[in-house]
Amino acid sequence: MKTPYKNIYKVLMLNRFIVMAVVVCSMLSSSFSIWMAFKTKKDALNSAFAINTDGSIIPLKLVTQKENFRVEALAHLELFHTYFYNIDASNYERNLEKALWLANSSVDNLYRQKKADGVYNRLLQYSLVQKVLRIDSQVEQQNGSYVFRTVTIFEINRGSVIDTYELVSTGNLIMVDRNFPNNPHGLLITNYFENTLRKIDYENP
């Protein structure tokens, strides 16, 4: 008895179905592999690892690191502006020396300019007291660098007269090695610039 031939069209359709199934499975498998690789890379970039005392691995999220950086940055800016602007005849040299540890040559150039303009001589001559009242800073990340804007409110006590001023300053922050106690936050101010300085008149603010 002869074996009946199968319908050629049915054979071709079956082969086509098998090929399509294999292609679809391959595409799904490749897509899943790519997604897993991307997810693994993303998780790795968003995590750091530390070894606990018992040898276990502790994941540290970069989100937490960024939050810690913001806290460190704000503390660094407050420390710098306090040292640089909270001065009087008895402490200005010591405070300015500490401030210069927290910034690069842009602040050193500003200090030299102020010195050449007689700012510190007047501080000594008239026994002026310059006291910082408030420091408000904002830190943002732009194009891979950290930019800050700080508003410093300070008063100058001239004995019988007390004037209050608002200073707006800007600059960048970069990370450096910590140097305790000179630079405890491991940050350095660069491109520092005093943008505006205005006298505050509380009767006509």
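Bear in mind that the values here come from a model prediction, so they are computed numbers and not experimental data.

Across its full length, the chain carries 5 helices and 7 strands. What you see in the chain, going N to C, is helices and strands ordered as α-β-β-α-β-α-α-α-β-β-β-β. The buried share of the chain, taken over its 205 residues, is 29%. Of the contacts formed within the chain by residues at least 6 apart in sequence, a portion of 53% connects residues at least 24 apart. Here the chain has roughly 14,700 Å² of accessible surface; of this, 58% comes from carbon and sulfur atoms.

On the basis of which strands lie adjacent, the open sheet formed by 5 strands has the order 3-4-5-6-7 and antiparallel pairing. Each edge of the open sheet carries a strand with a single partner, namely strand 3 (87–88) and strand 7 (187–200). Relative to strand 5 (residues 145–157), strand 4 (residues 129–142) runs antiparallel, the two being bridged by 13 bridges. Along strand 5, the bridge assignment pairs I135 with T152.

This paragraph deals with the side chain of T150. Residue placement: T150 occurs in strand 5. Reaching out from T150, the side chain makes a polar contact with the side chain of S137 at a distance of 2.8 Å. When neighbours within four sequence positions are excluded, T150 is seen to be in contact with L77, H81, I135, D136, S137, L167, V168 and S169.

Glancing now at the packing of aromatic side chains. Here the structure, examined in full by the defined rule, presents 10 aromatic pairs. Plain terms: the ring middles of F32 and W35 are 6.2 Å apart, the flat faces sit at 35 degrees to each other, and that makes the pair tilted. With F32 and W35 both in helix 1 (residues 8–45), this residue pair falls 3 residues apart, about one helical turn. Judged by its relative accessible area of 46%, W35 is partly exposed. A ring pair is formed by F84 and Y85, whose centres lie 5.0 Å apart and whose planes are at 85 degrees; its orientation type is edge-to-face. Residue F84 shares its accessibility class with Y85, and that shared class is buried. Ring-pair connections join several aromatic residues into one group, and the members of that group are F80, F84, Y85, F148, F154, Y165 and Y192.

Our focus in this paragraph is the pattern of salt bridges. What the rule picks out here adds up to 7 salt bridges. Here K114 makes a salt bridge to E194, at a shortest N to O gap of 3.4 Å. Taken together, the residues K114 in helix 4 (residues 105–116) and E194 in strand 7 connect sequence positions 80 residues apart. On the basis of relative accessibility, which here comes to 23%, the residue E194 falls in the partly exposed class.

Once that is clear, we can look at the pairing of strand 5. What sits between the antiparallel neighbours strand 4 and strand 5 is a turn of 2 residues, in which N143 has the positive phi angle 55 degrees. Here strand 5 runs beside strand 6 (residues 162–175); their pairing, made up of 12 bridges, is antiparallel. Looking at strand 6, one finds that T150 is bridged to S169. Where strand 5 folds back on strand 6, the antiparallel hairpin that results is connected by 4 residues, among which G159 adopts a positive phi of roughly 95 degrees.

About the criteria used
Residues numbered from 1 in each chain as written. Predicted model: local features only at pLDDT ≥ 70, side-chain atom pairs only at ≥ 80, totals over all residues. Heavy atoms only, no water. Helix = DSSP H or I, 4+ residues; strand = E, 2+ residues; numbered from the N terminus. Buried < 20%, exposed > 50% of the residue type's maximum accessible area, 1.4 Å probe, protein only. Contact = heavy atoms within 4.5 Å. Areas by Shrake-Rupley, 256 points an atom, 1.4 Å probe, with all protein chains shown as cover. Pairing = 2+ DSSP bridges. Polar contact = N/O pair within 3.5 Å; in protein donor to acceptor, adjacent residues only side chain to side chain. Phe/Tyr/Trp six-rings, centres within 6.5 Å; stacked < 30°, edge-to-face > 60°. Salt bridge = Lys/Arg side-chain N within 4 Å of Asp/Glu carboxyl O.

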